[in-house]
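# Topology and contacts: notes
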Amino acid sequence: MTSSLLFNITTLLYLASMLAFFAAIVNRTKPFFGTAGSYIAFGGLLLQTVAIGLRWKESYLLGIGHAPLSNLYESVVFFSWTIVLIYGILDLKYRYRVIGAFVMPFALLGMAWAQLGMKSGIEPLVPALQSNWLLYHVITCFLGYAAFAVACGISIMYLIREKHDKVAQANEQSIVATFPPSRVLDDLNYKSIMIGFPLLTLGIVTGAAWANYAWGTYWSWDPKETWSLIVWFIYAAFLHARITRGWAGRRAAWLSIIGFAATIFCYLGVNLLLSGLHSYGG
Amino acid sequence: MTSSKKSIPQSIWDFFCSLKLTMFTLITLAVLSIVGTVIPQGTPPPEYLHSISQNKLKLYKGLGFFDMYHSWWFILLLSLLSLNLLACSVKRLPGIWRTITRPVRVMDDSLETTLPNLTSIITSGDAVTLRDRVAAVMKAEFAEPVITEADGTYHLFAQKTPWSRLAVYAVHLSVLVIFIGAIIGSLFGYKGFVNIPEGESVGKVMSRSEKEIDLGFAVHLEKFSVSHYPNGAPKEFKSILTVLENGKPVAGYDRVPVIVNDPLSYKGITFYQSSYGKLGEHEFTISDSDGSNSQPLIVKSGGSTKLPDGSGLCLQETTPDISRFQTGLSGPAAQVEVHLANGENKTFVVYSNNPAMNRMNLPYTGGKLLQYRGGEEFMYTGLQVAKDPGVWVVWVGCILMVVGIYVAFFMAHRRIWVRVESGTVTIGGNSSKNQGGFQLFMEQLVTKLKKQLPLEDNK
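Quick summary incoming for the structure in this document. Computed from a predicted structure; not experimentally measured. (Residues numbered from 1 in each chain as written. Chains lettered and ligands numbered in written order. Predicted model: local features only at pLDDT ≥ 70, side-chain atom pairs only at ≥ 80, totals over all residues. Heavy atoms only, no water.)

Helix and strand content of chain B: 11 helices and 19 strands. By its C-alpha atoms, chain B is 125 × 55 × 50 Å across when sized along the principal axes. Burial statistics for chain B: of 459 residues in total, 43% are counted as buried. A sequence separation of at least 24 residues applies to 56% of the contacts in chain B between residues at least 6 apart. Approximately 24900 Å² of chain B is accessible, and the part contributed by carbon and sulfur atoms is 57%. Separation between the mean location of the 43 positive side-chain charges and that of the 38 negative ones in chain B comes to 7 Å. (Helix = DSSP H or I, 4+ residues; strand = E, 2+ residues; numbered from the N terminus. Buried < 20%, exposed > 50% of the residue type's maximum accessible area, 1.4 Å probe, protein only. Contact = heavy atoms within 4.5 Å. Areas by Shrake-Rupley, 256 points an atom, 1.4 Å probe, with all protein chains shown as cover. Lys, Arg positive; Asp, Glu negative; His and termini not counted. Charge placed at Lys NZ, Arg CZ, Asp CG, Glu CD.)

Spelled out as structure tokens, the structure:
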């Protein structure tokens with residue numbers, strides 16, 4: 001059995017999970033769909049964990065052993081994994097299954113793009129990446145990114161719910177009525193960012209530590225570094241906004257969505273559109 | 001009517017304490033930072049300068065866009081952020097400090113009305129027995145209470161992690177600490193670059209601001225090597241370095257391998273493997289096709305020259321022994337690229353022991369005979385050099401920030417007050433964070449208390 005096959009099955013499971021969540025929204029009388037969505041997602045997460053481990057092992061069998069976090073393909077796969085992981089943590093803790101309908105599409109999109117649109121060969125590690133810092137840096141950054149992805153999904157839900165609440169006060173038949181109340185969504189958005197922000201901070205710090213160790217400069221205003229700081233500023237603003245009433249709710253949801261857009265630009269846009277030190281696509 | 005007009009110093013102080021200023025600086029910093037990721041920083045490459053108009057160039061230069069992260073307006077924004085968080089801390093810290101060091105131990109009426117989790121339990125038994133039972137439950141379930149007596153009423157107070165209230169200020173302080181570390185680094189440190197040819201030593205490096213810096217010792221490159229993966233991708237760039245003091249190797253710094261991600265540090269100065277290249281000179285001769293009128297032609301490794309007919313010649317690669325690549329041939333050889341007058345580029349090999357084969361290139365060299373005579377070539381290594389005495393301050397700031405954020409987000413100052421009178425136990429509490437979780441905890445605590453107290457009507 002190869003990791004590549006397992007990644008394909010994972011992609012299908014994430015698709016199935018997403019469809020189950022959609023069904024859960026439409027059939028609000030059948031809680032079965034939401035439960036199924038969660039369990040399929042967890043099954044996919046488990047399988048993907050095995051697949052990542054297997055790919056790691058395969059690289060050693062090729063004689064070029066390294067953690068599978070070295071290029072765009074591997075990072076996108078890992079990003080999907082972290083998104084489902086963060087979703088799983090929130091699901092187990094707060095039991096609002098249906099947010100999966102707005103989170104699993106991100107994980108599915110990542111896996112589908114990686115499996116269908118990218119070269120998946122295991123390449124040897126270029127000298128710049130031959131360091132244990134790679135592991136700490138990439139893991140913390142992507143866990144942070146994933147928490148922001150989840151927060152973004154929840155914020156989109158919030159905006160839909162909020163708009164719906166305004167228009168139809170008591171129309172409980174609507175699909176949107178299955179969404180958690182807007183107050184809860186606002187809180188979940190905040191909680192996800194509370195997970196993401198420390199991790200992003202740790203990701204930037206480990207990146208700085210690595211840069212200092214490898215190049216003698218902890219900060220050089222490289223586009224990737226600058227964009228990670230931009231993302232950090234946006235979420236710092238989000239956190240401070242919680243203290244002032246005027247910035248909770250809708251504005252906070254928009255800040256969260258803008259924050260994730262900046263995150264995606266930091267992750268992909270910088271590599272695809274700008275030039276700099278992070279040219280290996282991680 | 002009362003204080004609608006604030007004094008000017010008060011308004012300035014309020015301005016620097018305001019959260020609006022925080023939001024403004026954070027969002028402005030985020031938006032303006034984008035500029036430097038789109039416009040090249042430092043010395044812009046000539047292709048970029050050609051792509052923009054003169055007016056734009058003037059504008060960008062005037063605004064400091066080519067070094068925007070050190071421009072006055074960016075530094076101003078960072079200073080504004082620093083002042084803002086400093087002012088906020090100065091304003092709020094004394095009150096927080098009082099809350100931590102001098103806790104309110106007695107739940108009076110005014111405090112009682114602010115507590116969301118207030119519960120009264122009607123019970124029997126005298127106050128002393130009740131006090132001891134409640135104290136035991138609090139100690140087991142929460143924290144040991146402090147007991148204050150007033151007029152036959154007992155006040156119990158217990159709290160957990162009061163210092164977690166300081167975490168926010170620790171995070172704010174950490175930002176300032178990181179800035180201080182960066183300033184120390186820029187004042188007392190430098191970043192530089194040096195190329196060392198194999199077998200040679202250097203005692204000076206060139207800083208980024210183009211100043212020559214004396215190291216106070218010398219670094220000698222013994223050897224530089226590149227290894228490759230089977231697929232041809234580079235695997236390792238390695239410089240073998242020796243530190244020399246007064247021309248003698250320093251113990252422990254003799255023949256140290258330095259690779260990417262594994263630098264060499266000596267006396268606070270660190271050397272990082274950064275680039276490499278070949279240095280050397282090669283001699284060619286150019287003559288009439290029969291070999292007469294021979295003229296020497298010197299080309300540097302990787303360099304270029306002009307042939308007599310005006311076409312350009314680039315030296316690509318050389319070898320002291322061609323037999324490794326082409327069996328049946330021998331001696332030194334060079335691969336060159338010639339830019340012909342018709343715009344075509346032609347790559348071919350020039351030999352030193354094979355005039356017959358060199359003659360085949362006559363059409364590309366303007367009818368002249370080009371021959372390779374050999375050359376000397378050696379590797380050089382390119383090292384980044386850095387000295388940053390502020391880096392430890394930056395790490396202290398980073399650790400403070402990470403720990404501070406963790407505590408600020410995930411730990412709460414929780415306080416519980418209990419008033420014990422004979423026949424009544426009143427319990428209330430609050431938490432600086434996670435009200436929902438604390439509510440649950442309080443409900444459970446009340447349930448446990450009820451089990452331990454002799455209830456009046458236990459139905």
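Don't stop here, the text continues.
Attention shifts here to the side chain of B:S71. Residues and elements named next belong to chain B. Along the chain, the position of S71 falls in the loop between α4 (54–63) and α5 (72–101). Classification of S71 by relative accessible area gives buried; the value is 7%. Here M68 takes part through its backbone oxygen, which lies 2.8 Å from a polar atom of the side chain of S71. Residues in contact with S71, not counting those within four places in the same chain, are L63 and G64. (Polar contact = N/O pair within 3.5 Å; in protein donor to acceptor, adjacent residues only side chain to side chain.)

Let us now look at empty space enclosed by the protein. Residue and element names in this part refer to chain A. Using the criterion set out here, one finds two cavities of 30 Å³ or more in the structure. Within this model, the second largest cavity holds a volume of roughly 40 Å³. At the level of secondary structure, the elements contributing two or more residues to the lining of the second largest cavity comprise α2 (32–61) and α3 (72–94). At three residues, the largest contribution of residues to the lining of the second largest cavity is made by α3. A breakdown of the residues in the lining of the second largest cavity according to their chemical character gives five nonpolar, no polar and two charged. (1 Å grid on protein atoms, 1.4 Å probe; cavity = no way out; pocket = protein on both sides within 12 Å on 5 of 7 lines; lining within 4 Å. Points joined across faces, edges and corners; volume = space filled by probe spheres on them. Nonpolar A, V, L, I, M, F, W, Y, C, P; charged D, E, K, R; others polar.)

Turning to the pairing of strand β3 (residues 153–160) of chain B, a few remarks are in order. Residues and elements named next belong to chain B. Taken across its eight residues, β3 has six buried, putting it largely inside the fold. Bridging between strand β2 (residues 146–150) and β3 involves five bridges; their strand directions are antiparallel. Across the sheet, A150 pairs through a bridge with T153, a residue of β3. Hairpin remark: β2 followed by β3, antiparallel, with two residues in the connecting loop; positive phi at D151, about 50°. With seven bridges joining them, β3 and strand β18 (residues 414–421) adopt antiparallel strand pairing. Each residue of the ladder has a partner; that of H155, found in β18, is R419. (Pairing = 2+ DSSP bridges.)

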